[in-house]
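# Breakdown of the fold
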Amino acid sequence: MLLAFTRAVPPSIGRCELTYIAREPIDYARAVQEHAAYETCLRALGCEVRRLPDAPDLPDSVFVEDTAIVFDDLAVITRPGAASRRPERDAMAAALGPHRRLAFIESPGTLDGGDVLVTPGRVFVGISGRTNPDGVRQLATHLAPLGLDVLPVPVSGCLHLKSAVTVAGHRPGARGSQGATSDTILVINPAWVDPAVFAGLALIEVDPQEPAAANVLRIADRLVCAEAHPRTRQRLEAYGLPTVAVPAAELAKAEGGVTCCSVMLTRRG
Ligand code: CIR
């Protein structure tokens, strides 16, 4: 059983952090509807959705992904790069504590969950405006005992590494672009991250008219995509990867995508 931790859209979302996009009014009621549709989609894909306690005065608290990264027997509680977001962590630590051993990113490290792309055996971490080299170093220390290598990746032009690239699927025995055997398929915007970093993995590029379309959420072999990206969805479908679209236009005005609104874990036992 998959547990998906989410958190309500706060009424203060209009005061969210913004980095690469201009502020536009956010329709709060519509954002709440989008978030409800997202949670309904997660349930339809087999997740049990659990909401963290509301945080009405934390404008970015709906974007829970940035506060934690969950592994098989460990959850890393991050130290978000935006100081305004650090109070979001306590509720996530309280929610994950019963399920996983916890480790923490400490000052001066910063790390946003949106910068952490987990693939089999390797964890790519964006060096972005939010994640610094000390945060990456601390994450690597926590993950070394799990046999996971951590690779820093420069990101430019977007908020997080996972704005630019996410895992779209796995193909047993498939051949990557450099001839290496690889079963991981990524969807990527090559304008925001250098595809050479992922040599050996299979890459699907976003449609150039949909730069933000590389942020997809994979659950049970389905890809949850934002409705705004039909062309990239078509590419994924043509590759044999089934998709499902959710409305996300208001949350996109807060610079959030579909991965940002949940933290997933497999419930054991
Ligand atoms: C922020 O700037 O932190 C929020 N407005 C958006 C965070 C989106 N999170 C994510 O991509 N993981």
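Here's what I pulled together on the structure shown here.

### Points about the sheet that holds strand 9 (residues 165–170)
- Strand order across the open sheet formed by 3 strands is 9-10-11, with mixed pairing between neighbours. Each edge of the sheet is formed by a strand with only one pairing partner; in this case those strands are strand 9 and strand 11 (202–205). Neighbour-to-neighbour, the strand axes of the sheet open up by a mean angle of 30 degrees, direction not taken into account.
- Alignment of strand 9 against strand 10 (residues 184–188), held across 5 bridges, turns out to be antiparallel. Pairing of Gly169 across the sheet is with Ile185, part of strand 10.
- In this fold helix 5 (residues 230–238) packs onto strand 9, strand 10 and strand 11, with an angle of close to 150 degrees to the strand it touches most, strand 11.

### So, the nonpolar core
- Membership of the largest hydrophobic core comes to 22 residues, with the highest contact counts inside it found for Ile13, Leu42, Val62, Phe63, Leu217, Val224 and Leu251.
- A per-element tally of this core places helix 1 (residues 28–44) first, with 4 residues.
- Those residues in contact with Ile13, other than ones at most four positions away along the chain, are Ile26, Tyr28, Pro59, Val62, Leu251 and Ala254.

### With respect to the packing of aromatic side chains
- All told, the structure shown has 1 aromatic pair when counted by the stated rule.
- On the basis of an interplanar angle of 65 degrees and a centroid distance of 4.8 Å, the ring pair of Phe124 and Phe198 is categorised as edge-to-face. Remark: Phe198 occurs in the loop between strand 10 and strand 11 and Phe124 occurs in strand 7 (residues 122–127); sequence separation between them is 74 residues.

### Re the pairing of strand 13 (residues 222–226)
- Strand 13 sits mainly inside the fold: 4 of its 5 residues count as buried.
- Bridge analysis of strand 12 (residues 217–219) against strand 13 gives 3 bridges, and the strand direction is antiparallel. Looking at the pairing, Ile219 lines up with Arg222 of strand 13.
- Across 4 bridges, the pairing between strand 13 and strand 14 (residues 243–246) is parallel. If you follow Ala226 over to strand 14, its bridge partner there is Val246.
- A crossover connection joins strand 13 to the parallel strand 14 through helix 5; in handedness this β-α-β unit is right-handed.

Rules behind the numbers
- Residues numbered from 1 in each chain as written.
- Predicted model: local features only at pLDDT ≥ 70, side-chain atom pairs only at ≥ 80, totals over all residues.
- Heavy atoms only, no water.
- Pairing = 2+ DSSP bridges.
- Helix = DSSP H or I, 4+ residues; strand = E, 2+ residues; numbered from the N terminus.
- Axes fitted to C-alpha atoms, helices over the stretch in contact; angles between N-to-C directions.
- Contact = heavy atoms within 4.5 Å.
- Core = buried A, V, L, I, M, F, W, Y, C linked by side-chain atoms within 4.5 Å.
- Buried < 20%, exposed > 50% of the residue type's maximum accessible area, 1.4 Å probe, protein only.
- Phe/Tyr/Trp six-rings, centres within 6.5 Å; stacked < 30°, edge-to-face > 60°.
- Right-handed = clockwise from strand over helix to strand, strands pointing away.

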